[in-house]
Amino acid sequence: MRVLVTGGAGYIGSHVVKMLLEQNYDVVVIDDLSRGHREAVPAGVKFEQISLLNYNKLQSAVDSLNVDAAIHFAAFAYVGESVENPGMYYENNVAGSLNLIKALQLSGVKKIVFSSTCSLYGNPEIIPISEKESIKPINPYAKTKFMIEQVLNDFDSTFGIKYAALRYFNAAGADFKAEIGESHDPEPHLIPIVLQAALGKREKVTIYGDNYPTADGTCIRDYIHVYDLADAHIKALEYLNEKNESLIVNLGTGQGYSVKELIDSAKEITGKEIKAVIGERRAGDPAVLVADNKKAREVLGWNPKYGLNEIISSAWEWHKNQKY
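Reference entry: report on the structure contained in this document. (Residues numbered from 1 in each chain as written. Predicted model: local features only at pLDDT ≥ 70, side-chain atom pairs only at ≥ 80, totals over all residues. Heavy atoms only, no water.)

## A closer look at the overall build of the protein
Part 1 of the reasoning: Across its full length, the protein carries 10 helices and 14 strands.
Part 2 of the reasoning: C-alpha extents for the protein along the principal axes are approximately 55 × 40 × 40 Å.
Part 3 of the reasoning: For the protein, with 324 residues in total, the buried portion stands at 54%.
Part 4 of the reasoning: Total accessible area computed for the protein in this model is approximately 13,700 Å², and 46% of it derives from carbon and sulfur atoms.
Part 5 of the reasoning: Put simply, the protein has 34 plus and 41 minus side-chain charges, and the middle of one group is 1 Å from the middle of the other. (Helix = DSSP H or I, 4+ residues; strand = E, 2+ residues; numbered from the N terminus. Buried < 20%, exposed > 50% of the residue type's maximum accessible area, 1.4 Å probe, protein only. Areas by Shrake-Rupley, 256 points an atom, 1.4 Å probe, with all protein chains shown as cover. Lys, Arg positive; Asp, Glu negative; His and termini not counted. Charge placed at Lys NZ, Arg CZ, Asp CG, Glu CD.)

## Some remarks on the state of the cysteines
Part 1 of the reasoning: Enumeration according to the criterion identifies zero disulfides in this entry.
Part 2 of the reasoning: Not engaged in a disulfide, the cysteine Cys118 finds its nearest cysteine sulfur in Cys219; these two sulfurs lie 13 Å apart. (Disulfide = S-S within 2.5 Å.)

## Examining the pattern of salt bridges
Part 1 of the reasoning: With the rule as written, the count across this model stands at 16 salt bridges.
Part 2 of the reasoning: Glu81 is paired through a salt bridge with Arg35; the nearest N and O atoms lie 2.8 Å apart. Taken as a pair, Glu81 in helix α3 (residues 79–84) and Arg35 in the loop between β2 (26–30) and β3 (46–48) lie far apart in primary sequence, 46 residues in all.
Part 3 of the reasoning: Judged by its relative accessible area of 22%, Glu81 falls in the partly exposed class. (Salt bridge = Lys/Arg side-chain N within 4 Å of Asp/Glu carboxyl O.)

## Here we look at the environment of Trp318
Part 1 of the reasoning: Along the chain, Trp318 falls in helix α10 (residues 308–320).
Part 2 of the reasoning: Separated by 141 residues in the primary sequence, Trp318 and Lys177 have C-alpha atoms spaced 8.2 Å apart.
Part 3 of the reasoning: Other than its neighbours up to four places away in sequence, Trp318 contacts Ala174, Ala178, Glu179, Ile180, Gly181, Glu182, Ser183, Lys323 and Tyr324.
Part 4 of the reasoning: Reaching out from Trp318, the side chain makes a polar contact with the backbone oxygen of Glu182 at a distance of 3.1 Å. (Contact = heavy atoms within 4.5 Å. Polar contact = N/O pair within 3.5 Å; in protein donor to acceptor, adjacent residues only side chain to side chain.)

## As for the sheet that holds strand β9 (residues 220–221)
Part 1 of the reasoning: The mixed open sheet is built from three strands, whose spatial order is β12-β9-β14. Looking along the sheet, the strands with just one partner apiece sit at the ends: β12 (257–258) and β14 (288–289). (Pairing = 2+ DSSP bridges.)

## Regarding the packing of aromatic side chains
Part 1 of the reasoning: For the structure on display, the rule yields five aromatic pairs.
Part 2 of the reasoning: Note on Trp318 and Tyr324: the rings are 4.9 Å apart at their centroids and 55° apart in plane angle, and the pair reads as tilted. Take Trp318 and Tyr324: they sit in the same class, and that class is buried.
Part 3 of the reasoning: A cation over a ring is seen here: Arg35 above Tyr78, with NZ or CZ 5.1 Å from the ring centre. (Phe/Tyr/Trp six-rings, centres within 6.5 Å; stacked < 30°, edge-to-face > 60°. Lys NZ or Arg CZ within 6 Å of the ring centre and 35° of its normal.)

## Considering the packing of helix α4 (residues 86–106) against helix α5 (residues 140–159)
Part 1 of the reasoning: In the contact formed by α4 and α5, the axes pass within 9 Å of each other and the chain directions differ by 20°. One element, α4, and the other, α5, form an angle in the roughly parallel class. In the crossing of α4 with α5, the sense of the turn from one axis to the other is right-handed. Contacts between α4 and α5 involve Pro86, Tyr89, Tyr90, Asn93, Val94, Ser97, Leu98, Ile101, Lys102 and Gln105 from the former and Pro140, Tyr141, Lys143, Thr144, Met147, Ile148, Val151, Leu152, Phe155 and Phe159 from the latter.
Part 2 of the reasoning: Here the contact of α4 with α5 is built from residues that sort into 14 nonpolar, four polar and two charged. (Axes fitted to C-alpha atoms, helices over the stretch in contact; angles between N-to-C directions. Parallel < 35°, antiparallel > 145°, perpendicular 65-115°, else oblique. Left-handed = near helix turned anticlockwise from the far one by under 90°. Nonpolar A, V, L, I, M, F, W, Y, C, P; charged D, E, K, R; others polar.)

## Brief notes about the environment of Ala276
Part 1 of the reasoning: By secondary structure assignment, the location of Ala276 is in strand β13 (residues 276–279).
Part 2 of the reasoning: Apart from residues lying up to four places away in sequence, Ala276 is in contact with Val205, Ile207 and Ile263.

## Topic: the sheet that holds strand β1 (residues 2–6)
Part 1 of the reasoning: One open sheet holds the seven strands; their spatial order is β3-β2-β1-β4-β5-β6-β11, and the pairing between them is parallel. Among the strands making up the open sheet, the edge pair consists of β3 and β11 (247–251). Going from strand to strand, the sheet's axes swing by 20° on average, the running direction of each strand aside.
Part 2 of the reasoning: Pairing analysis gives seven bridges linking strand β5 (residues 111–117) to strand β6 (residues 162–168), with the strands arranged parallel. Within the sheet, the bridge partner assigned to Ile112 lies in β6 and is Tyr163.
Part 3 of the reasoning: Sheet contacts for α5: β5, β6 and β11; angle to β5, the most-contacted strand, approximately 155°.

Below, the structure written as structure tokens:
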């Protein structure tokens, strides 16, 4: 089976590509390298540097690649940036995804796994968060992801394109061989920031608020290892092949950790002192985001294997010898 991975040079996409290859899928990657890393794509994998905004070039590539399914990661994904520059996010994420979905439809590709987000739920009313939680995105990034889900639903209704929208929580960790990992500039995510502080690459970690209604006053998040996410994407692809019906599912461990707990774990694992200071709350940060993953377990047969220690340890090995 030949699978197209858009954004396959990015953080999560590159780990999915690696796992697909390990499971003997034929993989092709499209990435414009605006935020991905060519080094993250394994040697020998067919690679096309194409922007999803270039419809003609994209359609030509999809026609010639003869893929059976697509896994779609290519998107901008910084919440703060989306608030500062919403037009860029609507153009890149929504228009780019629409171009891809049209190209797949015209090429007869009927299956797509989509990288969505738990941000769709905004400030949830019930924790842990199930797929029944109401959709109320509070930033342009999340709104673009919801728009894409709606586009996919319409293309399913009209053309029979089946999709799996995977709404995942906080992706973290790295390849256990430290060959690929998380590398952003600027880095928006907590675990890499904490490990950069452990390495002396930054002076301190800022904790945004310590007066939330949680045990230690800091925000609680559900961290999921990138390889558990990759496993879920492949299981979703298998589900589409076997069931031929669309699916929306949350991906998280069901276990939450506070910012302070995470920093303490990183200190223990790295053996380094990590300076943390308390800053102001960030607008729109919910106190607690933890997944109800019952549907993923029951429908996909998916069981996350890795906890916070494996997440931090694998990320630490990557960051100590970061390759790109």
